[in-house]
Each structure stands twice: as C-alpha cells, then as structure tokens.
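Observations on chain architecture
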Amino acid sequence: MPKSHSSVWLASAPLRPLQGEIRVPGDKSISHRAIMLAALADGVSHIKGFLEGEDTRATARIFQQLGVRIDMPADGERIVHGVGIDGLKAPPEALDCGNSGTAMRLLAGLLAAQPFACQLIGDESLSSRPMRRVSEPLAQMGADIRMAEAGRPPLSISPVAQLQGMAYASPVASAQVKSAVLLAGLQAEGETCVREPHPTRDYTERMLQAFGVDIEYRPGFARIRGGQRLAATDIEVPGDFSSAAFALVAASLIPGSDITLHGIGIDPRRTGLLQVLQMMGADIALQNRRQTALGEVASLRVRHAPLHGIEVPMTLVPDMIDEFPVYFAAAACARGTTRIRGAAELRVKESDRIRAMAEGLCALGIAVQETPDGADIHGGLPVGGEIHSLGDHRIAMSFAVLAQCAKAEVRIVDTANVATSYPGFVAQMQRLGFALQEV
Ligand code: S3P
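Treat the numbers as computed from the prediction; the structure is a model and nothing was measured.

1. Things to note about the overall build of the protein
Within the protein, the regular secondary structure consists of 12 helices and 23 strands. Taking 22 Å as the expected radius of gyration for a compact globule of 439 residues, we find that the protein reaches 21 Å, a close match to that expectation. Projecting the C-alpha coordinates of the protein onto the three principal axes gives extents of approximately 60 × 40 × 40 Å. Each of the 439 residues in the protein was classed as buried or not, and the buried ones make up 60%. A fraction of 75% describes how many contacts in the protein between residues 6 or more apart in sequence connect residues 24 or more apart. Accessible area for the protein stands at about 15600 Å²; split by element, carbon and sulfur atoms hold 49% of it.

Spelled out as structure tokens, the structure:
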C-alpha cells in the first residue's frame, strides 16, 4: 500500500467557542466487517456509509486481490459481488493490511480455513504488534500460521485439510481475537464458542446474523456452527463514536461550546467514554435515538461544562479502549487528578498509547505519573510545544484537541496516519471552530 508522507499540524486555542453540526465518517470496525462478510456471501451486497479510511480501504483492496469484485459507485459506498464462502481465489502477492490490526487479526481467522496459502503484511507499527493472541487459538483449531520473531507479523498462512471447532476461553478482552476465532469457526467442523473475560464489541456476531448465519451470542459469549453460508444483505454503517470522541471532548473543554454530532453508533461496548465524561461533569445529551441491526444510533449534543478528575472504573476500560488518548487530553484539562488503571492493552495499540500520551502531556507541562497499566494525570493548563504522534492517528488527533486549551501553539509532527481512521479530520474540526492548520 502506498504510504502517505508525514505531515505537520499547528494547533492553538480557538478564538471562539465550538459551534455547529457534523456527521463524522463511518465506523471503522463495522466497515471492515461489512467488506469481509459481503465478500464471503452469496449475492451482491450494498454498503452505505463505508469509511473511506486507509485501514478499511486496505481491507477492500485485499478482497479484490482475493478475486472479489467491489464497485465504488460513490464516496462511502461499495457494491460487493460476493463469491461465497468457497469462492475466494489464491492472491498473486502478499496481502497488505497497512496500519490495521483489525484487518490482520480478522483476516487471520477468515483465511486460515481457505484452501490456499497467503501472507499478511503490514506497516512498521502493525509489524510490531502481537499476533499470538490470534495464532494460538487458531492453531488449536488446526490452522497453520507462521509468524516472524516474537509472534509479530508477517503472518504466513498455509492451507490445512479442515479446521475443527472448539470452545475457547479468551484470556484477553479483545473483539479482534473473538472475531478471528468466530470467522474460523464459521468454516470449521462442528461448533465453536468463545468466552471473554469482559464483553467486547459484538459487530461480528450481529453482522453474521444480518447475513443470515445462525449464531448465538450474549455479552461475553458467542457460539457458531461451522459449514453455514452467508446470504448477501445491505449494510448501513453508522458514524464512528471513536471519531466523534475528538469533537466531543473538545466541546466539553472549550467554554461556550455547543455542538451536535449526528448519526453516531452508541453501542454500550463503544461508549464507555460517555459515561466517564459524564462522571466528570460533562454535559452530553443523546437525541434522536433509533435502533438499527448494528446497534443504537443517536445525535450527541455536547455543551461545555467544567470537568473534574475521577478514578476511572476498571469495568469501563474495555468499553472506551480506543478513546483513552483523547481521554488523557480531557483529564489534562480537568480540575484535580484522574486515575486510570487496568488499561495495559493500550501499550499494544498502534503505538504504546500510555507512553505516547504521558510523554506528550509532560512536554506540554502537564504532570503525569505513568504506571504499567495506566496513569495518574494531574489537570492543569497546557503550555505550547512540539509533539510527535509516533505515527499513531489517535495520538495526533488527541493533541489537536488538547492544543485547543493550550496557552501557546502546539506543533504536532507526523500526522499523515490520521487518514487511516478519520479522513477530513482537519477540515471538519476547522468548521466547528478549531484553531488547527495543516502545514
Ligand atoms: C476493534 C477492536 C479493538 C479496537 C480496535 C478495533 C475491532 O481491538 O481497539 O480499534 O474492530 O474489533 P481489540 O479487540 O484488540 O481490543
């Protein structure tokens, strides 16, 4: 995949409160799964609201390499001509997942049962992320997956005669691990079930059901019978709560702000941040709530309110796992101390997000004590300075939010990877009133 060149942002306190209404891009997790399941289905599926991010485009490109025709009638739309569970073709070259852990881990499960060899590769960040969490359960089902040193990508998958279903108690609360096992289980002999130490997002289960698969699931548990076929269906992807989180935190922090974010997926497994911000005093109202096959969708109206530090309940950590970078920014501007524990998973995301945020906050004059699984953040008034995103999209966007409360200009270096999850971030935030420029 062509790597976009790095870029730099300049951000500072805005001249006016944030105002306006936006629709953020489509949900990343759902967009990946929509392409994957539509490709495996019998018939043609229409996807609307597809995230035009580098991560999800990488997934679409991979299925094209696997012989699936995918048309793009308009931005955010895909027509996927499913080839059936047994219709994928051996790819001519390595499959590049770019920056996306979701693509690589879900594809490991999906491709482990296919009758051809393939290799999954990724960029520098993805190449340093742990893959044993998926290769081990898949090996227990009979898969043949080889990795580089210390269980890192690339993953070389060789065909095997037949995967066997199994009962798997996952040691980690990870929707990616659960989904990899379920996608292998769909193609295995017998039944596969997964138990999780804490419930995680259930989009794979919901979407398999939408594609006509008989699957039983409840929070923390899923069971699937192998040998089922998928029937094409149309998918409407809601706005990504993880992308909405940036404007949401910024509007909470900037005095006088009043914004509305429309069409956002508010599944409880994704919105731990809402609860935690409300515990800190935030003023967020859910409006126009409606149910969809992929969970509840709503508009979020956010008005400024002073925030105070709290101890984050550990039970909420998995429900806000992708929102911690921007949550560190919120805590940095809150009154008093915020204590985060039980979040060691943050160390194996697109970057070590505890380290990246702690170092960045310290560089901007905020006192932070890092611990192995969290941090104590002492709220204050950030000063100006230079921040490196470490190539991590959410770190870059989180410092753009924090800079809106800083005393002087913040220069954020290496922001190109924001296109993996939030294309158009700068323009949308400018429209709301952010003082943020690309240079
Ligand atoms: C995702 C699951 C989460 C999340 C990631 C997307 C998914 O990872 O951090 O951004 O789409 O399944 P884990 O399941 O590894 O926690």
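Having seen the structure, we can now continue with the description.
2. A closer look at the layout of surface pockets
Looking at the largest pocket, its volume works out to about 620 Å³. Contributing to the lining of the largest pocket are 40 residues, with Ala-173, Arg-201, Ile-321, Asp-322 and Lys-349 lying nearest its centre. When residues of the lining of the largest pocket are traced back to their parent elements, those giving at least two are helix H1 (28–40), helix H3 (101–111) and helix H5 (175–185). Looking at the lining of the largest pocket, you find at least three residues from each of domain 1 (8–25 + 238–438) and domain 2 (28–236).

3. Digging into the site of the ligand
As a structural note, the neighbourhood of the ligand is formed by Ser-29, Arg-33, Thr-102, Ser-174, Ala-175, Gln-176, Arg-201, Ile-321, Asp-322 and Lys-349. Within the contact set of the ligand, an oxygen atom lies 2.8 Å away from a backbone nitrogen or oxygen of Ala-175. About the coverage of the ligand: the protein hides 94% of its 380 Å² of free accessible area. Because more than half of its atoms lie within 2 Å of the grid, the ligand is assigned to the largest pocket. At the level of elements, H1 and H5 are the ones that each hand at least two residues to the shell around the ligand. In terms of residue class, the shell around the ligand is made up of 2 nonpolar, 4 polar and 4 charged. Both domains that furnish three or more residues to the shell around the ligand are identified here as domain 1 (8–25 + 238–438) and domain 2 (28–236).

4. Observations concerning the packing of helix H4 (residues 132–140) against H5
Running from N to C, H4 and H5 cross one another at 30°; their axes reach a closest spacing of 9 Å. Taken as axis vectors, H4 and H5 run roughly parallel relative to one another. Where H4 crosses over H5, the handedness of that crossing is right-handed. In contact with Arg-133, Val-134, Pro-137 and Leu-138 of H4, H5 contributes Gln-176, Val-177, Ala-180, Val-181 and Ala-184. When the residues that make up the contact of H4 with H5 are grouped by side-chain class, the tally is 7 nonpolar, 1 polar and 1 charged.

5. Quick word on the pairing of strand S3 (residues 42–48)
Of the pairings in the sheet, the one linking S3 to strand S5 (residues 77–83) comprises 7 bridges and is antiparallel in character. Looking across to S5, one finds that Lys-48 is bridged to Glu-77. Of the pairings in the sheet, the one linking S3 to strand S14 (residues 235–236) comprises 2 bridges and is parallel in character. Within the sheet, the bridge partner assigned to Ile-47 lies in S14 and is Ile-235.

6. Some details on the environment of Ala-232
Relative to the elements of secondary structure, Ala-232 occurs in the loop between strand S13 (221–225) and S14. Looking at Ala-232, the relative accessible area reads 27%, which means it is partly exposed. Separated by 177 residues in sequence, Ala-232 and Asp-55 have C-alpha atoms that sit 23 Å apart. Ala-232 has contacts with Ala-41, Asp-42, Gly-43, Val-44, Ser-45 and Phe-211, leaving out every residue within four places of it along the chain.

7. Here's the deal with the side chain of His-198
Along the chain, the position of His-198 falls in the loop between strand S11 (191–195) and helix H6 (203–210). His-198 gets classed as buried once you look at its relative accessible area, which sits at 17%. Of the polar contacts made by the side chain of His-198, one reaches the backbone oxygen of Thr-315; its length is 2.9 Å. Leave out the neighbours within four places in its chain, and His-198 touches Ala-173, Thr-315, Pro-318 and Asp-319.

8. A word on the packing of helix H7 (residues 241–253) against helix H8 (residues 272–279)
Here H7 crosses H8 at 20°, and the two axes come no closer than 10 Å. Judged on the interaxial angle alone, H8 and H7 are roughly parallel. Contacts between H7 and H8 involve Phe-241, Ala-245, Leu-248 and Val-249 from the first element and Leu-273, Leu-274 and Leu-277 from the second. Here the residues of the contact of H7 with H8 sort into 7 nonpolar, no polar and no charged.

9. Describing the sheet that holds S14
What the 4 strands build is an open sheet, ordered S4-S5-S3-S14; its pairing is mixed. Looking at which strands have only one partner, the edges of the open sheet turn out to be strand S4 (69–71) and S14. Strand contacts of H1: S3, S4, S5 and S14, with the helix running at about 35° to S5, the strand carrying the most contacts.

10. Examining the packing of aromatic side chains
Applying the stated rule across the entire model yields 5 aromatic pairs. Taking 5.4 Å as the distance between ring centres and 20° as the angle between the ring planes, the aromatic pair formed by Trp-9 and Phe-425 counts as stacked. Here Trp-9, found in strand S1 (residues 8–12), pairs with Phe-425, found in helix H12 (residues 425–432); they are 416 residues apart in sequence, far enough to count as distant. This pair shows no difference in class: Trp-9 is buried, exactly as Phe-425 is. A network of ring pairs unites the aromatic residues Trp-9, Phe-246, Tyr-422, Phe-425 and Phe-434 as a single cluster.

What counts and what doesn't
- Residues numbered from 1 in each chain as written.
- Predicted model: local features only at pLDDT ≥ 70, side-chain atom pairs only at ≥ 80, totals over all residues.
- Heavy atoms only, no water.
- Helix = DSSP H or I, 4+ residues; strand = E, 2+ residues; numbered from the N terminus.
- Rg over C-alpha atoms; globule rule 2.2 N^0.38 Å.
- Buried < 20%, exposed > 50% of the residue type's maximum accessible area, 1.4 Å probe, protein only.
- Contact = heavy atoms within 4.5 Å.
- Areas by Shrake-Rupley, 256 points an atom, 1.4 Å probe, with all protein chains shown as cover.
- 1 Å grid on protein atoms, 1.4 Å probe; cavity = no way out; pocket = protein on both sides within 12 Å on 5 of 7 lines; lining within 4 Å.
- Points joined across faces, edges and corners; volume = space filled by probe spheres on them.
- Domains from an automatic or database assignment.
- Near = heavy atom within 4 Å.
- Polar contact = N/O pair within 3.5 Å; in protein donor to acceptor, adjacent residues only side chain to side chain.
- Sits in = over half its atoms within 2 Å of the grid points.
- Nonpolar A, V, L, I, M, F, W, Y, C, P; charged D, E, K, R; others polar.
- Axes fitted to C-alpha atoms, helices over the stretch in contact; angles between N-to-C directions.
- Parallel < 35°, antiparallel > 145°, perpendicular 65-115°, else oblique.
- Left-handed = near helix turned anticlockwise from the far one by under 90°.
- Pairing = 2+ DSSP bridges.
- Phe/Tyr/Trp six-rings, centres within 6.5 Å; stacked < 30°, edge-to-face > 60°.

By themselves these figures say nothing about function.
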